[in-house]
Amino acid sequence: MSKKLRSYDWFGKSDKMGFVHRSWLRNQGYPDDYFKDKPVIGICNTWSELTPCNGHLRDFAEIVKRGVREAGGFPLEFPVTSLGETIMRPTTMLFRNLASMDTEESIRANPIDGVVLLTGCDKTTPSTVMGACSVDLPTIVVPGGPMLNGRFRGECIGSGSFNWMIKEKRSVEQYTDEDIHEAEVGAARSQGHCMTMGTASTMACMVEALGLTLPGAAAIPAVDARKKVMAHLSGRRIVEMVREDLKLSKILTRKAFENAIVVNAGVGGSTNFIIHLLAIAGRIGVDLKLEDFDTNGSKIPLLVNLKPSGKYLMEDFYYAGGLPVVINELKKYLHNDAITVNGKTIGENNINPPCYNHDVIAALDQPLQPEAGIVVLKGNLCENGAVIKPSAASKELMKHRGRAVVFETMDDYHARIDDPKLDIDERCVIVLKNVGPVGYPGMPEVGNVDLPEKLLQKGVRDMIRISDGRMSGTAGGTVVLHVSPESAIGGTLALVKDGDMIEPDIDKRKLHLDVSDEELKKRKSSWTPPPPHTERGYVKFFLDHIQQADLGCDFDILRGGSGSVVNGDLH
Ligand code: FES
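Asks: What is the right way to look at the overall build of the protein in this model?
Replies: The secondary structure content of the protein amounts to 20 helices and 14 strands. Taken over C-alpha atoms, the radius of gyration comes to 24 Å for the protein, in line with the 25 Å a tight globule of 571 residues would show. Across the 571 residues that make up the protein, the buried fraction comes to 62%. Looking at the protein as shown, the accessible area adds up to about 22,300 Å², and 51% of this sits on carbon and sulfur atoms. A gap of 3 Å separates the mean positions of the 67 positive and 74 negative side-chain charges of the protein.

Asks: Help me understand the environment of I112 in this model?
Replies: Mapped onto the elements of the fold, I112 is located in the loop between α4 (96-109) and β3 (114-119). When near neighbours in sequence (up to four residues on either side) are disregarded, I112 contacts R6, V40, G42, F78, S106, I107 and L137.

Asks: It is not clear to me how the side chain of S201 should be interpreted in this structure. Could you clarify?
Replies: With respect to the element layout, S201 can be found in helix α8 (residues 199-210). Contact partners of S201, with chain neighbours within four places excluded, come to H193, C194, M195, T196 and M314.

Asks: Is there a simple way to explain the sheet that holds strand β1 (residues 40-45) in this structure?
Replies: Paired through backbone hydrogen bonds, the strands of a sheet run either parallel or antiparallel to each other. With respect to topology, 4 strands assemble into an open sheet ordered β2-β1-β3-β4, the strand pairing being parallel. Each end of this open sheet is capped by a strand with a single partner; those strands are β2 (74-79) and β4 (139-143). Sheet twist, expressed as the average angle between the axes of neighbouring strands with direction ignored, equals 20°. The sheet contact formed by β1 and β3 spans 5 bridges and is parallel. Within β3, the residue paired with N45 across the bridge is L118. Set on the sheet, helix α9 (residues 225-244) makes contact with β1, β3 and β4; between it and β4 the angle comes to about 175°.

Asks: Got a minute to help me understand the pattern of salt bridges in this structure?
Replies: Opposite charge on two side chains lets them pair, provided their charged atoms get close. Per the counting criterion, the structure on display carries 40 salt bridges. The partner of D287 in a salt bridge is K289, with the nearest N and O atoms 2.8 Å apart. You can call K289 partly exposed: its relative accessible area is 41%. As a salt-bridge pair, K399 and D505 come within 3.5 Å of each other at their nearest N and O atoms.

Asks: Whenever I open this one, the nonpolar core confuses me. Can you help?
Replies: The tendency in soluble globular proteins is for nonpolar side chains to be buried as a group. Core analysis: the biggest nonpolar cluster contains 103 residues, and F257, L277 and F317 have the highest contact counts within it. Counting 26 residues, the second-largest nonpolar core is a separate cluster that includes C382, I388, M398 and L493.

Asks: Would you mind going over the environment of A392 with me for this structure?
Replies: Among the structural elements, A392 can be located in the loop between β8 (382-388) and β9 (402-407). A relative accessible area of 14% places A392 in the buried class. Residues A392 and G310, 82 residues apart in the sequence, show an inter-C-alpha distance of 9.0 Å. Ignoring anything within four residues of it in the chain, the contact list for A392 reads S309, G476, G477 and T478.

Asks: Could you clarify how one ought to interpret the pairing of strand β10 (residues 429-432) in this entry?
Replies: Regular strands place side chains that alternate from one sheet face to the opposite one. Alternating positions in β10 separate into two faces, V429 and V431 on one and I430 and L432 on the other, with burial throughout. Both β9 and β10 contribute to a ladder of 4 bridges, which runs parallel. Residue pairing across strands places V405 opposite I430, the latter belonging to β10. Bridge count for β10 against strand β11 (residues 464-467) is 4 bridges, and the pairing is parallel. Bridge pairing in β11 links I430 to R465.

Asks: What exactly am I supposed to notice about the pairing of β11 here?
Replies: Taking every second residue as pointing to the same face, both faces of β11 are buried, with I464 and I466 on one and R465 and S467 on the other. With 2 bridges connecting them, β11 and strand β12 (residues 479-484) associate as parallel partners. Counterpart to I466 in the pairing with β12 is V480.

Asks: Could you clarify how one ought to interpret the packing of α4 against helix α12 (residues 272-284) in this entry?
Replies: The packing of two helices is summarised by the inter-axis angle and the distance between the axes. Interhelical geometry of α4 versus α12 gives an angle of 35° and a closest axis separation of 13 Å. In the crossing of α4 with α12, the sense of the turn from one axis to the other is right-handed. Listed contacts from α12 to R96, S100 and E104 of α4 are I275, H276, A279 and R283.

Asks: Please clarify how the packing of aromatic side chains should be interpreted in this entry.
Replies: To describe a pair of aromatic rings, one takes the distance between the centres and the angle between the planes. One pass over the structure, following the stated rule, counts 15 aromatic pairs. For the ring pair F541 and F555, a centre distance of 5.4 Å and an interplane angle of 85° mean the geometry is edge-to-face. With a gap of 14 residues between them, F541 in helix α20 (residues 537-545) and F555 in the segment after α20 connect regions that are remote in the sequence. On the basis of relative accessibility, which here comes to 27%, the residue F541 falls in the partly exposed class. Judged by relative accessible area, F555 falls into the buried class, the value being 0%. When the ring centre of Y34 is taken as reference, the NZ or CZ atom of K38 above it lies at 5.1 Å.

Asks: Would you mind going over helix α2 (residues 16-25) with me for this structure?
Replies: Each full turn of the α-helix corresponds to 3.6 residues, which orients residues three or four apart in the same direction. If you check which residues of α2 are buried, you get M17, G18, H21, R22 and L25. Down the axis of α2, the buried set is contained in an arc of 125°. They therefore lie on one face. Those residues of α2 that are exposed and angled more than 90 degrees off the buried face are K16 and W24.

Asks: Looking at this model, I keep getting lost on empty space enclosed by the protein. Mind explaining?
Replies: Left-over empty space is what a probe sized like a water molecule reveals as it rolls over the atoms. Under the defined criterion, the tally for this structure stands at 5 cavities of 30 Å³ or more. Size it by volume and the largest cavity reaches roughly 40 Å³. Lining of the largest cavity is provided by E208, T213, L214, P215, I327, T340, I346, N349 and N350. When its residues are assigned to classes, the lining of the largest cavity shows 4 nonpolar, 4 polar and 1 charged.

Analysis parameters
Residues numbered from 1 in each chain as written. Predicted model: local features only at pLDDT ≥ 70, side-chain atom pairs only at ≥ 80, totals over all residues. Heavy atoms only, no water. Helix = DSSP H or I, 4+ residues; strand = E, 2+ residues; numbered from the N terminus. Rg over C-alpha atoms; globule rule 2.2 N^0.38 Å. Buried < 20%, exposed > 50% of the residue type's maximum accessible area, 1.4 Å probe, protein only. Areas by Shrake-Rupley, 256 points an atom, 1.4 Å probe, with all protein chains shown as cover. Lys, Arg positive; Asp, Glu negative; His and termini not counted. Charge placed at Lys NZ, Arg CZ, Asp CG, Glu CD. Contact = heavy atoms within 4.5 Å. Pairing = 2+ DSSP bridges. Axes fitted to C-alpha atoms, helices over the stretch in contact; angles between N-to-C directions. Salt bridge = Lys/Arg side-chain N within 4 Å of Asp/Glu carboxyl O. Core = buried A, V, L, I, M, F, W, Y, C linked by side-chain atoms within 4.5 Å. Left-handed = near helix turned anticlockwise from the far one by under 90°. Phe/Tyr/Trp six-rings, centres within 6.5 Å; stacked < 30°, edge-to-face > 60°. Lys NZ or Arg CZ within 6 Å of the ring centre and 35° of its normal. Arc of directions from axis to C-beta. 1 Å grid on protein atoms, 1.4 Å probe; cavity = no way out; pocket = protein on both sides within 12 Å on 5 of 7 lines; lining within 4 Å. Points joined across faces, edges and corners; volume = space filled by probe spheres on them. Nonpolar A, V, L, I, M, F, W, Y, C, P; charged D, E, K, R; others polar.

So yeah, pure geometry; function would need other evidence.
Shown next as structure tokens:
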């Protein structure tokens, strides 16, 4: 057996430990040649019945194995912590780093030469990529694919988008329980993840733009046979990647990260992209900063007409040509020489693919919006930054001065938002505190809180909302997110009071609280932090190590990697 393979250390030796490592694995019926010169491919599976978006990945692992075996590899599937966005409480973001640790340690501790990451639902992509980066073996991602378009009364509806409209539908259009039920059963009608340009689709586009998937992988629907072909070919390719020693760090260069930022702007991707890409960069040792998202992305035209801000869904995006069309359109903004998992550059992989529907994917000279990327705001309300997605915001609110209506917690918001006596109008700024990484804890997707019932009735559809939380990629509105430092650790957000005037100016990248420095100092001296959520267990560990949003919310002790070498054996 070649000593070049990492798995040689487990299976190649004739000593006692070689016997132990091979002998027990043989109970699954592997013949001798499986332990000789076959690269061992770990298939890292986020399948779980509690993660509906990844429910098909158990079958997909078998398809990947076909490809691995054909190419002369030895596939071994292993489970890692799976994070089901719609099911887990209080928020999957509380567990992203835990899942990444599981992935990292599972890869490093085992006789694995190369890795296939089977991902889908929002956090299952960044968590596994982060973990894999900290080991840095040859790695390929197989995104599980979106669901087919949701259907409701002859129309397409986006899973993850309709739910944000339920309050409005009931209040304004008088929807009954039966109406809502009908939408519920039509919204998620096949295997796969949310089919809007929400976080899962954003993550799939992100890994393709980073060069971590075979070309064209992101948009293929989960139930399309071509997704299975993609999984099969990825199985073949990872074996070659091991032989070429094409490790993650050779692909995930600064150029790859800048490409991902450009592509995310072009597709109108989720704001969650920022937090996850920052965390991935931190693991692989690329010095990416929050400001890089604005510098590289904010002037990029919006090309993809998908919900939540557009009209179509991922199935339409695939039929129109998918991400290769977008990458080709944006080539003048990209580092076209960035290498990808198939050994070719991103430019070589995406030469002039046909676009079959320009209403879904606009041409660069006729974009849906001239500038679409994420804008990073700075000011006394967010010293380390805050973000807004202008493509999802209302133009008339991009420069504003409004009176703060403050909610100290989500419970406070729920208790008072629909109180008819609440002093609020459409020019006010809704401020939501204590939904950041430490404050909630876990930074949930609540930044796009519903508007007050009485304003919905008046026909108001958007207001400025500011918080230290996140927003679902399936949501929209003029929503300022990721305020850092967050309120629970004493950021200025903690000091805002009802009636303060707040001035966002998106063009100027400013978020200003119109309160004097002296007054803020006074308020700070009497501010006390909220009591810790717990003194035990994983959540205590989370609170002790979580970093702020501008650093990607990774744990301080997880930044960087430990490589793939393990010193010491069983005994
Ligand atoms: Fe899984 Fe949206 S809930 S991708």
